[in-house]
Amino acid sequence: MKTNLKEIQKEEEERIEAMNSSARATAAPSTEEMDSLEEEGDDHQDREEEALSKRRHEEFMAHEKESRVVSQWKTLVMVVLLVSTVGVALTVYFYTSRTEISEFKKQFHDDAHKVLEALGTSLDLSLGAIDALVVSMVSFAAHTNHTWPFVTIPDFAIRAAKIRSLSHAVFMTVYPKVSKDDLEKWEKYASENNDWVYESIEVQSKDDNYYGPIIWDYETIDFVHNYDNERTPGPIYLPTWQSSPVIPNFPPYNWDLYSTYD
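The rules behind each value
- Residues numbered from 1 in each chain as written.
- Predicted model: local features only at pLDDT ≥ 70, side-chain atom pairs only at ≥ 80, totals over all residues.
- Heavy atoms only, no water.
- Buried < 20%, exposed > 50% of the residue type's maximum accessible area, 1.4 Å probe, protein only.
- Helix = DSSP H or I, 4+ residues; strand = E, 2+ residues; numbered from the N terminus.
- Arc of directions from axis to C-beta.
- Contact = heavy atoms within 4.5 Å.
- 1 Å grid on protein atoms, 1.4 Å probe; cavity = no way out; pocket = protein on both sides within 12 Å on 5 of 7 lines; lining within 4 Å.
- Points joined across faces, edges and corners; volume = space filled by probe spheres on them.
- Nonpolar A, V, L, I, M, F, W, Y, C, P; charged D, E, K, R; others polar.

## Notes on helix α4 (residues 183–192)
Three or four residues apart is the spacing at which side chains of an α-helix point the same way, because the helix has 3.6 residues per turn. The complete set of buried residues in α4 reads Leu183, Trp186, Glu187, Tyr189 and Ala190. Looking straight down α4, one finds its buried side chains confined to an arc of 165°; they lie on one side. Turned more than 90 degrees from where α4 packs its buried face, Glu184, Lys185, Lys188 and Glu192 sit exposed. Buried residues along α4 sit against β2 (178–179) and β3 (236–237).

## A short note on empty space enclosed by the protein
Enumeration according to the criterion identifies 1 cavity of 30 Å³ or more in this entry. Put simply, the largest cavity is a space of about 70 Å³. In this structure, the largest cavity is lined by Ala157, Ala161, Arg164, Val203, Gln204, Asp207, Tyr210, Ser244 and Pro245. Broken down by secondary-structure element, the contributors of at least two residues to the lining of the largest cavity are α3 (156–167) and α5 (195–206). When residues of the lining of the largest cavity are assigned to their parent elements, the largest contribution, 3 residues, is made by α3. Considered class by class, the residues forming the lining of the largest cavity number 5 nonpolar, 2 polar and 2 charged.

Geometric descriptors of this kind do not, in isolation, establish any biological role.
Structure below.
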(Lines give C-alpha, C1' and ligand atoms only; values in the text may rest on other atoms or scores of the structure.)
Protein backbone atom coordinates (compact mmCIF):
# COMPACT_ATOMS: atom_id res chain seq x y z
CA MET A 1 0.00 0.00 0.00
CA LYS A 2 2.81 2.30 0.93
CA THR A 3 4.54 1.30 -2.26
CA ASN A 4 1.58 2.30 -4.36
CA LEU A 5 1.28 5.64 -2.67
CA LYS A 6 4.94 6.34 -3.31
CA GLU A 7 4.57 5.38 -6.92
CA ILE A 8 1.52 7.55 -7.32
CA GLN A 9 3.28 10.47 -5.63
CA LYS A 10 6.29 9.99 -7.86
CA GLU A 11 4.18 9.94 -11.00
CA GLU A 12 2.42 13.08 -9.82
CA GLU A 13 5.73 14.84 -9.27
CA GLU A 14 6.94 13.75 -12.70
CA ARG A 15 3.77 15.01 -14.29
CA ILE A 16 4.07 18.35 -12.47
CA GLU A 17 7.71 18.59 -13.55
CA ALA A 18 6.74 17.89 -17.12
CA MET A 19 4.08 20.53 -16.94
CA ASN A 20 6.52 23.07 -15.49
CA SER A 21 9.04 22.21 -18.17
CA SER A 22 6.38 22.73 -20.80
CA ALA A 23 5.39 26.01 -19.14
CA ARG A 24 8.98 27.15 -19.06
CA ALA A 25 9.39 26.20 -22.66
CA THR A 26 6.29 28.18 -23.57
CA ALA A 27 7.14 31.22 -21.42
CA ALA A 28 10.74 31.44 -22.54
CA PRO A 29 11.01 30.86 -26.30
CA SER A 30 14.29 30.10 -27.85
CA THR A 31 16.61 32.55 -29.64
CA GLU A 32 15.54 31.29 -33.03
CA GLU A 33 11.93 31.80 -32.15
CA MET A 34 12.73 35.31 -30.90
CA ASP A 35 14.51 36.16 -34.15
CA SER A 36 11.64 34.72 -36.12
CA LEU A 37 9.17 36.76 -34.11
CA GLU A 38 11.25 39.91 -34.59
CA GLU A 39 11.44 39.31 -38.34
CA GLU A 40 7.72 38.76 -38.48
CA GLY A 41 7.21 42.00 -36.49
CA ASP A 42 9.51 43.91 -38.80
CA ASP A 43 7.72 42.55 -41.85
CA HIS A 44 4.37 43.45 -40.35
CA GLN A 45 5.60 46.97 -39.55
CA ASP A 46 7.00 47.37 -43.09
CA ARG A 47 3.72 46.23 -44.56
CA GLU A 48 1.82 48.67 -42.36
CA GLU A 49 4.20 51.51 -43.33
CA GLU A 50 3.93 50.59 -47.01
CA ALA A 51 0.16 50.46 -46.78
CA LEU A 52 0.14 53.81 -44.96
CA SER A 53 2.46 55.31 -47.57
CA LYS A 54 0.29 53.94 -50.35
CA ARG A 55 -2.83 55.38 -48.76
CA ARG A 56 -1.09 58.74 -48.35
CA HIS A 57 0.07 58.65 -51.97
CA GLU A 58 -3.41 57.76 -53.14
CA GLU A 59 -4.87 60.57 -51.01
CA PHE A 60 -2.25 63.00 -52.39
CA MET A 61 -2.97 61.96 -55.99
CA ALA A 62 -6.70 62.26 -55.37
CA HIS A 63 -6.15 65.73 -53.88
CA GLU A 64 -3.97 66.72 -56.86
CA LYS A 65 -6.61 65.46 -59.26
CA GLU A 66 -9.31 67.41 -57.43
CA SER A 67 -7.10 70.51 -57.48
CA ARG A 68 -6.53 70.16 -61.23
CA VAL A 69 -10.23 69.69 -61.83
CA VAL A 70 -11.08 72.74 -59.68
CA SER A 71 -8.37 74.78 -61.45
CA GLN A 72 -9.69 73.70 -64.84
CA TRP A 73 -13.23 74.66 -63.84
CA LYS A 74 -12.00 78.01 -62.58
CA THR A 75 -10.16 78.61 -65.86
CA LEU A 76 -13.23 77.55 -67.83
CA VAL A 77 -15.46 79.87 -65.80
CA MET A 78 -13.01 82.77 -66.28
CA VAL A 79 -12.85 82.14 -70.03
CA VAL A 80 -16.65 81.93 -70.26
CA LEU A 81 -17.02 85.15 -68.25
CA LEU A 82 -14.36 86.90 -70.34
CA VAL A 83 -15.88 85.77 -73.63
CA SER A 84 -19.35 86.72 -72.41
CA THR A 85 -18.17 90.16 -71.26
CA VAL A 86 -16.33 90.86 -74.50
CA GLY A 87 -19.24 89.52 -76.54
CA VAL A 88 -21.79 91.64 -74.71
CA ALA A 89 -19.55 94.71 -74.94
CA LEU A 90 -18.99 94.23 -78.68
CA THR A 91 -22.68 93.59 -79.26
CA VAL A 92 -23.66 96.74 -77.37
CA TYR A 93 -20.92 98.74 -79.13
CA PHE A 94 -21.87 97.67 -82.65
CA TYR A 95 -25.57 98.05 -81.94
CA THR A 96 -25.22 101.52 -80.45
CA SER A 97 -22.69 102.46 -83.13
CA ARG A 98 -25.06 101.47 -85.93
CA THR A 99 -27.90 103.24 -84.15
CA GLU A 100 -25.87 106.42 -83.66
CA ILE A 101 -24.61 106.36 -87.26
CA SER A 102 -28.14 105.86 -88.53
CA GLU A 103 -29.44 108.69 -86.36
CA PHE A 104 -26.51 110.91 -87.39
CA LYS A 105 -27.19 110.27 -91.09
CA LYS A 106 -30.86 110.96 -90.62
CA GLN A 107 -30.16 114.16 -88.67
CA PHE A 108 -27.53 115.18 -91.23
CA HIS A 109 -29.94 114.71 -94.12
CA ASP A 110 -32.65 116.63 -92.27
CA ASP A 111 -30.29 119.49 -91.42
CA ALA A 112 -28.83 119.49 -94.93
CA HIS A 113 -32.34 119.67 -96.36
CA LYS A 114 -33.15 122.58 -94.03
CA VAL A 115 -29.92 124.38 -94.95
CA LEU A 116 -30.48 123.88 -98.66
CA GLU A 117 -34.08 124.97 -98.30
CA ALA A 118 -32.99 128.10 -96.42
CA LEU A 119 -30.29 128.80 -99.02
CA GLY A 120 -32.80 128.29 -101.80
CA THR A 121 -35.26 130.63 -100.15
CA SER A 122 -32.56 133.23 -99.55
CA LEU A 123 -31.32 132.85 -103.12
CA ASP A 124 -34.83 133.23 -104.48
CA LEU A 125 -35.33 136.40 -102.42
CA SER A 126 -31.94 137.79 -103.48
CA LEU A 127 -32.42 137.00 -107.14
CA GLY A 128 -35.98 138.28 -106.99
CA ALA A 129 -34.87 141.57 -105.44
CA ILE A 130 -32.03 141.98 -107.94
CA ASP A 131 -34.35 141.09 -110.78
CA ALA A 132 -36.79 143.78 -109.62
CA LEU A 133 -33.97 146.33 -109.54
CA VAL A 134 -32.74 145.35 -113.02
CA VAL A 135 -36.30 145.55 -114.39
CA SER A 136 -36.70 149.02 -112.90
CA MET A 137 -33.33 150.08 -114.37
CA VAL A 138 -34.24 148.81 -117.84
CA SER A 139 -37.71 150.37 -117.60
CA PHE A 140 -36.19 153.69 -116.56
CA ALA A 141 -33.74 153.63 -119.47
CA ALA A 142 -36.53 152.82 -121.94
CA HIS A 143 -38.84 155.57 -120.69
CA THR A 144 -36.10 158.21 -120.69
CA ASN A 145 -34.75 157.21 -124.10
CA HIS A 146 -31.32 156.39 -122.66
CA THR A 147 -29.15 153.57 -123.96
CA TRP A 148 -26.66 151.50 -122.00
CA PRO A 149 -24.20 152.20 -120.59
CA PHE A 150 -25.29 155.83 -120.38
CA VAL A 151 -27.91 155.32 -117.65
CA THR A 152 -28.02 156.75 -114.12
CA ILE A 153 -30.78 155.43 -111.84
CA PRO A 154 -32.39 158.11 -109.63
CA ASP A 155 -32.59 157.44 -105.89
CA PHE A 156 -30.16 154.57 -106.33
CA ALA A 157 -29.03 154.69 -102.68
CA ILE A 158 -32.59 154.10 -101.43
CA ARG A 159 -33.34 151.38 -103.98
CA ALA A 160 -30.03 149.62 -103.32
CA ALA A 161 -30.49 149.82 -99.52
CA LYS A 162 -33.80 147.95 -99.85
CA ILE A 163 -32.24 145.37 -102.13
CA ARG A 164 -29.33 144.84 -99.72
CA SER A 165 -31.75 144.41 -96.84
CA LEU A 166 -33.77 141.76 -98.71
CA SER A 167 -30.74 139.90 -100.06
CA HIS A 168 -28.53 140.33 -96.95
CA ALA A 169 -25.84 141.79 -99.19
CA VAL A 170 -23.12 144.02 -97.75
CA PHE A 171 -22.23 145.95 -100.88
CA MET A 172 -23.84 146.49 -104.25
CA THR A 173 -22.50 148.16 -107.38
CA VAL A 174 -23.18 148.45 -111.10
CA TYR A 175 -20.49 147.59 -113.68
CA PRO A 176 -21.68 148.77 -117.11
CA LYS A 177 -19.93 147.26 -120.09
CA VAL A 178 -18.20 149.93 -122.16
CA SER A 179 -16.65 149.24 -125.55
CA LYS A 180 -13.51 150.92 -126.79
CA ASP A 181 -15.57 152.99 -129.24
CA ASP A 182 -17.77 154.33 -126.42
CA LEU A 183 -14.91 154.94 -123.94
CA GLU A 184 -14.55 158.68 -124.62
CA LYS A 185 -18.31 159.22 -124.50
CA TRP A 186 -18.52 157.24 -121.25
CA GLU A 187 -15.80 159.21 -119.50
CA LYS A 188 -17.53 162.47 -120.47
CA TYR A 189 -20.92 161.12 -119.32
CA ALA A 190 -19.49 159.95 -115.97
CA SER A 191 -17.92 163.33 -115.23
CA GLU A 192 -21.19 165.15 -116.00
CA ASN A 193 -23.51 162.80 -114.08
CA ASN A 194 -21.66 162.08 -110.85
CA ASP A 195 -24.11 163.89 -108.56
CA TRP A 196 -25.37 160.51 -107.36
CA VAL A 197 -22.21 160.16 -105.21
CA TYR A 198 -23.07 163.18 -103.04
CA GLU A 199 -26.75 162.21 -102.92
CA SER A 200 -25.88 158.67 -101.75
CA ILE A 201 -23.58 159.95 -98.99
CA GLU A 202 -26.35 162.31 -97.85
CA VAL A 203 -28.86 159.42 -97.69
CA GLN A 204 -26.37 157.32 -95.70
CA SER A 205 -25.82 160.14 -93.21
CA LYS A 206 -29.56 160.13 -92.42
CA ASP A 207 -29.94 156.34 -92.29
CA ASP A 208 -30.07 155.04 -88.69
CA ASN A 209 -29.27 151.52 -89.93
CA TYR A 210 -26.03 152.57 -91.59
CA TYR A 211 -22.95 152.24 -89.36
CA GLY A 212 -20.18 152.91 -91.87
CA PRO A 213 -18.03 156.01 -92.24
CA ILE A 214 -19.41 159.20 -93.80
CA ILE A 215 -16.80 160.78 -96.08
CA TRP A 216 -17.71 164.11 -97.66
CA ASP A 217 -14.31 164.98 -99.07
CA TYR A 218 -13.42 162.57 -101.84
CA GLU A 219 -11.44 162.52 -105.06
CA THR A 220 -12.80 161.56 -108.46
CA ILE A 221 -10.99 160.35 -111.58
CA ASP A 222 -12.84 161.01 -114.80
CA PHE A 223 -11.13 158.32 -116.87
CA VAL A 224 -11.29 154.53 -116.60
CA HIS A 225 -8.35 153.40 -114.45
CA ASN A 226 -6.81 150.49 -112.56
CA TYR A 227 -5.54 150.17 -108.97
CA ASP A 228 -2.57 152.41 -109.79
CA ASN A 229 -4.92 155.12 -111.12
CA GLU A 230 -3.54 154.54 -114.61
CA ARG A 231 -5.61 154.33 -117.77
CA THR A 232 -6.44 150.76 -118.75
CA PRO A 233 -5.81 149.50 -122.30
CA GLY A 234 -9.09 147.67 -122.93
CA PRO A 235 -10.31 146.33 -125.36
CA ILE A 236 -13.44 146.31 -123.19
CA TYR A 237 -14.06 148.07 -119.92
CA LEU A 238 -16.13 147.36 -116.82
CA PRO A 239 -15.95 150.61 -114.84
CA THR A 240 -17.62 150.97 -111.47
CA TRP A 241 -20.62 153.25 -111.56
CA GLN A 242 -23.43 153.59 -109.04
CA SER A 243 -22.80 151.69 -105.77
CA SER A 244 -24.21 151.31 -102.27
CA PRO A 245 -23.00 152.13 -99.75
CA VAL A 246 -20.63 154.80 -101.01
CA ILE A 247 -17.37 154.85 -99.02
CA PRO A 248 -15.03 157.00 -101.14
CA ASN A 249 -11.69 156.12 -99.56
CA PHE A 250 -10.80 155.66 -103.23
CA PRO A 251 -12.36 157.29 -106.28
CA PRO A 252 -16.03 156.19 -106.17
CA TYR A 253 -16.38 155.35 -109.88
CA ASN A 254 -14.47 154.52 -113.09
CA TRP A 255 -12.30 151.79 -111.51
CA ASP A 256 -12.05 149.07 -114.20
CA LEU A 257 -12.97 145.58 -112.98
CA TYR A 258 -11.68 144.14 -116.25
CA SER A 259 -8.18 145.36 -115.40
CA THR A 260 -7.90 142.63 -112.76
CA TYR A 261 -8.01 139.95 -115.48
CA ASP A 262 -4.83 139.06 -117.32
